[in-house]
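# Close look at the chain arrangement
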Amino acid sequence: MPVAESATLTSPPEGAYVFDNDSPHANELHRCLGAAHDGITTARLAQTGVGPGWDCLEVGAGGGSVALWLAERVAPGGTVLATDLKPEHIPARAGLTVRRHDVVHDPLPEAGFDLIHFRLVLTHLPQRRVVLGTLLRALRPGGWLQLEEFDIDYAPVLLAPDRRTREGYEACQAAKGRVLRAAGADPSWGRKSAEDLRAAGFTDVEPVPHLMPWTADSPGLQLQLHHTYHLREALLEQGLTDDQLLAAREAMTHPAFRAASSVLYCVQARRPA
Ligand SMILES: C[S@@+](CC[C@H](N)C(=O)[O-])C[C@H]1O[C@@H](n2cnc3c(N)ncnc32)[C@H](O)[C@@H]1O
């Protein structure tokens, strides 16, 4: 459930990650992220053949659901290092090492991993191209990188209860794009990530776009609803009105509302052998 309105944060400063893990909204954010996307993430990760003995790095692990999946997968004999700027939400588990680590500024071991994964992290980081170079060097030759990142520019309403709720939803999503961009994020980076991986020196780059139906009972739309609480102050600062915010929430909780999700790009690539 969303946390009460009074717990909302003010606008994040430029260059700051907008969905701060210290926020009282973080647990629900991580629950929605896992429920909405773990199926896509783990099905594709499994295609790499990740298994016993592999050494893996999960960057910006958030609530840790993918890191936990990897830790089970690589046992026995493998290792998983789960990192985050604020790693307090990553659970402790045998086979899983948790570390506070800023992927922009802190070093990683050279050629230390067979597989590196991140989801919805580099979209937030203006230095994303430099980070891709760091991650390439942290992979062993032939090692795998997998990412999932959104392009939020496509997410049309398909059926709304009425014009007010449709327009409120659209205004809210547009304001969120402005919040993210003002903080230095590129919320359409998903569609550019494959080109950036190739430019960074990765090979075998394979992007797969995913679209999901967003309905009131889907975790994807629950995540969007949750953002309206987490980012309320920032959305209003970016020009959303109180009535548009209420209309957007009405849309997202109405049983007749239907939207297409943003496009989630799942991209695999390898360090040249
Ligand atoms: C949108 S959340 C995604 C969490 C998780 N990857 C998932 O998809 O469920 C982004 C995560 O990246 C982390 N993060 C942001 N900037 C980071 C940085 N510079 N270095 C490491 N982690 C960072 C945040 O703290 C947060 O946990």
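For the structure itself, consult the block above.
Everything quoted here is computed from the prediction, not taken from an experiment.

### Points about the environment of G112
Here G112 shows up in the loop between β3 (96-100) and β4 (113-119). Among the residues examined, G112 registers a relative accessible area of 17% and is labelled buried. Expressed as a C-alpha distance, the spacing of G112 and H89, which sit 23 residues apart in the sequence, is 24 Å. Beyond its immediate sequence surroundings of up to four residues, G112 is in contact with D55, A138 and R140.

### Re helix α4 (residues 163-182)
In a regular helix each residue adds 1.5 Å, so 20 residues correspond to 28 Å; α4 covers 28 Å between its end C-alpha atoms and thus fits that length. Three or more residues of α4 are buried, namely T165, G168, Y169, A171, C172, Q173, A175, K176, G177, V179 and L180. The elements touched by buried residues of α4 are β6 (157-159), β8 (213-214), α6 (219-230), α7 (232-237), α8 (242-253) and β9 (258-260). Its side-chain oxygen 3.3 Å from the backbone nitrogen of R164, D162 forms the N-cap of α4. The first or second residue beyond α4 is G184, which carries a positive phi of 95 degrees.

### Topic: the site of the ligand
In the vicinity of the ligand, 16 residues are found, and the nearest of them are Y17, G60, D84, D102 and R119. At 3.0 Å from an oxygen atom of the ligand is found a side-chain nitrogen or oxygen belonging to N21. The contact in question runs from a nitrogen atom of the ligand to an N or O atom on the backbone of L85, over 3.3 Å. Across the complex, the protein chains shield 97% of the 600 Å² of accessible surface that the ligand would expose by itself.

### Some details on the pattern of salt bridges
This structure, assessed with the given rule, holds 20 salt bridges. In this structure, D38 and R119 form a salt bridge, with 2.8 Å as the shortest nitrogen-oxygen distance. Of the two residues, D38 sits in helix α1 (residues 26-46) while R119 sits in strand β4, which places them 81 residues apart along the sequence. By sharing partners, the salt bridges in this structure join D151, D153, R181 and R191 into a single network.

### Overview of the packing of α4 against α6
Look at α4 against α6: their axes get within 11 Å of each other, and the N-to-C directions meet at 70 degrees. One element, α4, and the other, α6, form an angle in the roughly perpendicular class. Side by side, α4 and α6 meet where Y169, C172, Q173 and K176 of the first sit next to L221, Q224, H227 and T228 of the second. Considering only residue class, the contact of α4 with α6 consists of three nonpolar, four polar and one charged.

### Description of unusual backbone geometry
A75 connects to P76 through a cis peptide bond whose omega is -5 degrees. You can see P76 is positioned in the loop between α2 (65-74) and β2 (79-84). The backbone of A111 shows a phi angle near 50 degrees, a positive value even though the residue is not glycine. Within the fold, A111 resides in the loop between β3 and β4.

Reading guide: rules and limits
- Residues numbered from 1 in each chain as written.
- Predicted model: local features only at pLDDT ≥ 70, side-chain atom pairs only at ≥ 80, totals over all residues.
- Heavy atoms only, no water.
- Helix = DSSP H or I, 4+ residues; strand = E, 2+ residues; numbered from the N terminus.
- Buried < 20%, exposed > 50% of the residue type's maximum accessible area, 1.4 Å probe, protein only.
- Contact = heavy atoms within 4.5 Å.
- Expected span 1.5 Å × (residues − 1).
- Polar contact = N/O pair within 3.5 Å; in protein donor to acceptor, adjacent residues only side chain to side chain.
- Near = heavy atom within 4 Å.
- Areas by Shrake-Rupley, 256 points an atom, 1.4 Å probe, with all protein chains shown as cover.
- Salt bridge = Lys/Arg side-chain N within 4 Å of Asp/Glu carboxyl O.
- Axes fitted to C-alpha atoms, helices over the stretch in contact; angles between N-to-C directions.
- Parallel < 35°, antiparallel > 145°, perpendicular 65-115°, else oblique.
- Nonpolar A, V, L, I, M, F, W, Y, C, P; charged D, E, K, R; others polar.

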